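Below, each chain spelled out in residue letters.
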Amino acid sequence: MMKAHTTSAISGATIKHLAGLFTVASILFSSAVFAQHDKTRQYEKFEILGQKTKPQLQREFNKAKFDFLDMYHEINEVAKFDVLCSYHRPIGSKIAKKTCEPRYVKTARAMYIQAMSTGTGIDLSRLPSDQMIKFLTKQTREESYEHVLALVMTNPELNKSFAKLELIHSRLNEDSE
């Protein structure tokens, strides 16, 4: 008799469980029916235009610049026009910054330093300034601009990357005015 009592208790629990599942299923079905009706309604659409802060734009610009350089290196076949990047920590800082410069600039700086060093050690007063290096590499810099322009014009992906870079740069300049 004890066994019959346990069986009826389990059956009652099972019936309650099935009733609960039926309730959940009916709620889900009714919400699915309502969702079908919502698809036909027209909703007003809003566009929210936000402005990014200058640091956000600068980070976006740096990312776009390095993406452009990665793509440029895949296409470029002229070694002197490669852009070499490295990390440097400014004096007094523990945060390294990624800086890039063309190979021809690094080569010109090294050659100038070698020509100016007389004897042992390097005389820091005779190191070239950035203006001196810019003057020494003027012709090569103009050639590199033409080279990059030719690559941008002939490669659609590089052109798209450059356009993105230019757009972000113009937005950065608008914010500074």
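Everything that follows concerns the structure shown earlier in this document.
The model shown is predicted, which means the values in this text are computed figures rather than measured ones. (Residues numbered from 1 in each chain as written. Predicted model: local features only at pLDDT ≥ 70, side-chain atom pairs only at ≥ 80, totals over all residues. Heavy atoms only, no water.)

Two cysteines form a disulfide when their sulfur atoms are joined by a covalent bond. Following the criterion strictly, the structure yields one disulfide and no others. C85 shares a disulfide with C100; S-S distance 2.0 Å. Here the disulfide of C85 and C100 is right-handed, its torsion about the S-S bond being about 105°. Of this pair, C85 sits in strand 1 (residues 83-88) while C100 sits in strand 2 (residues 97-102), placing them 15 residues apart in sequence. Overall, the relative accessible area of 33% leaves C85 in the partly exposed class. In this structure C100 comes out as partly exposed when scored by relative accessible area, which is 30%. (Disulfide = S-S within 2.5 Å. Helix = DSSP H or I, 4+ residues; strand = E, 2+ residues; numbered from the N terminus. Buried < 20%, exposed > 50% of the residue type's maximum accessible area, 1.4 Å probe, protein only.)

To continue, consider the side chain of D82. Position of D82 relative to the elements: it lies in the loop between helix 2 (54-75) and strand 1. The class of D82 is buried, set by a relative accessible area of 16%. Among the polar contacts listed, one links the side chain of D82 to the side chain of N76, at a separation of 2.8 Å. Beyond its immediate chain neighbours, meaning those up to four positions away, D82 contacts H73, N76, E101, P102 and R103. (Polar contact = N/O pair within 3.5 Å; in protein donor to acceptor, adjacent residues only side chain to side chain. Contact = heavy atoms within 4.5 Å.)

For the structure on display, the rule yields three aromatic pairs. Taking the centre distance of 6.5 Å and the plane angle of 15° together, the rings of F68 and Y72 count as stacked. Taken together, the positions of F68 and Y72, both in helix 2 and four residues apart, correspond to about one turn of that helix. For the residue pair F68 and Y72, the accessibility class agrees, reading buried in each case. Seen from their ring centres, F81 and Y104 are 6.4 Å apart, and the 85° between their planes marks the pair as edge-to-face. Here Y104 lies in helix 3 (residues 103-116) and F81 lies in the loop between helix 2 and strand 1, a separation of 23 residues in the sequence. You can call F81 buried: its relative accessible area is 8%. Look at Y104 and you get buried, because its relative accessible area is 10%. Taken together through their ring pairs, the aromatic side chains of F68, Y72 and F162 make up a single cluster. (Phe/Tyr/Trp six-rings, centres within 6.5 Å; stacked < 30°, edge-to-face > 60°.)

Next up on the list: the side chain of T137. Within the secondary structure, T137 is located in the loop between helix 4 (130-136) and helix 5 (138-154). The class of T137 is buried, set by a relative accessible area of 5%.

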